Amino acid sequence: MDNEEFSELEEIETSELPSVDPVKVLLNMKDETSKGVLLNCVTMFMSSNIPLMILNQNLNVVYISEPLRTMFGGMYKDLTLPFTTLFARAFTTELMKEFYEAIHNPDEKFSWKGTIQHKSNTMVGLYTKITAIPVLVKNNTPTGYLIIFEDITAEKKKTLKSIYKSILEASRLKDNETGVHNERVNHYAKCLALKLKE
């Protein structure tokens, strides 16, 4: 995928795209070995309390766990869209490119780990850590991917609250002798903001 294709991902209106029935995705797979492996994965994780999804090698959704549906809580209208379409607004272009390249790269073990912010008009933002793990690498190509989500929203909010509190505390430290109090607080705020941006 080149930069132009990634830019197009950002412009996609997910409501205009057809959804893909996960059962049909599995049944339409031509490679019986891959189909069997993914079906075994689905069976293995059906009763799991881990928020996860299973994708085929084309990144179409094959399975979504109930804990993941609960985590998203209606944030996404159609969880059966292809992964890159479903999360096109949550990933930046650079992050989507990094994800795509990592899961297709044997040097990266076809894996990726990162954090994304899910945005919705109707819900408060959700932050998740995502781990993508290949399922059965055959002929140097994964059969599919196990995508595990971890909700870190509370952790992010706690960090931000701590930062805001620190800035407030710094603002109370007045420097009447030198008059550089405002400059110092501005500098601290800028440093914290730059660190958060990373």
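Quick note: structure is the one above.
In this report, we go over the structure that sits alongside the text. What you see is a predicted model; the values in this text were computed from it and never measured.

1. Description of the pattern of salt bridges
- All chains considered together, the criterion is met by one salt bridge.
- Residue E66 is joined to R69 by a salt bridge in which the shortest nitrogen-to-oxygen separation is 3.5 Å. A residue pair is termed a helical-turn pair when its members lie 3 or 4 positions apart in one helix, as E66 and R69 do in helix α4 (residues 66-72) at three residues.

2. Section: the sheet that holds strand β3 (residues 112-118)
- As summarised here, the arrangement of the five strands in space is β2-β1-β5-β4-β3, forming an open sheet in which the pairing is antiparallel. One side of each edge strand has no neighbouring strand; the edge strands of this open sheet are β2 (61-64) and β3. Averaged over all neighbouring strand pairs, the angle between strand axes comes to 25°, with direction disregarded.
- Against the sheet, helix α3 (residues 32-45) engages β1 (52-56), β2, β4 (126-138) and β5 (141-151), with an angle of about 175° to β1.

3. Considering α3
- The end-to-end C-alpha distance of α3, which contains 14 residues, comes to 20 Å, matching closely the 20 Å that a straight helix rising 1.5 Å per residue would cover.
- Looking at α3, one finds that the buried residues are S34, K35, V37, L38, C41, V42 and F45. Around the axis of α3, the buried residues are gathered within 165° of arc, so they sit on the same side. Along α3, exposed side chains directed more than 90 degrees from the buried face belong to E32, N40, T43 and M44.

4. Focus: the nonpolar core
- Ranked by size, the top nonpolar core spans 30 residues in total, and within it M53, F83, F87, F91 and F149 carry the most contacts.
- At the level of secondary structure, the elements contributing two or more residues to this core comprise β1, β2, α4, α5 (83-86), α6 (93-103), β3, β4 and β5.
- The greatest single-element share of this core, amounting to five residues, is contributed by α6.
- Those residues in contact with F149, other than ones at most four positions away along the chain, are P51, L52, M53, L68, M71, F72, F83, F87, H118, T128, K129 and I130.
- If you look at the next biggest cluster of nonpolar residues, it comprises 11 residues, including C41, L52, V62 and L146.

Reading the values: rules and limits
- For every chain, the first residue of the written sequence is number 1, and numbering continues from 1 onward in sequence order.
- With the structure being a predicted model, the display of local features is reserved for residues of pLDDT at least 70 and the display and counting of side-chain atom pairs for 80 or more, all residues being used for whole-chain, interface and lining totals.
- Excluding hydrogens and water, the side-chain values take into account all heavy atoms of the structure.
- One speaks of a salt bridge when a side-chain nitrogen belonging to Lys or Arg is within 4 Å of a carboxyl oxygen belonging to Asp or Glu.
- Numbering of helices and strands runs from the N terminus; a helix is a DSSP stretch of H or I covering at least four residues, while a strand is a stretch of E covering at least two.
- Here, strands pair whenever DSSP counts at least two bridges between them.
- To obtain an axis, a line is fitted to C-alpha atoms, over the contacting stretch when the element is a helix, and the angle between two such axes runs from 0 to 180 degrees between their N-to-C directions.
- Whether two residues are in contact is decided by their heavy atoms, any of which lying within 4.5 Å being enough.
- A helix is expected to span 1.5 Å for every residue after the first.
- The classification of residues rests on relative accessible area computed with a 1.4 Å probe and restricted to protein chains. Under 20% of the type maximum is buried, over 50% is exposed, and intermediate values are partly exposed.
- This arc corresponds to the set of directions leading from the helix axis out to the C-beta atoms.
- Think of a nonpolar core as a cluster: buried Ala, Val, Leu, Ile, Met, Phe, Trp, Tyr and Cys residues, connected wherever their side-chain atoms sit within 4.5 Å.

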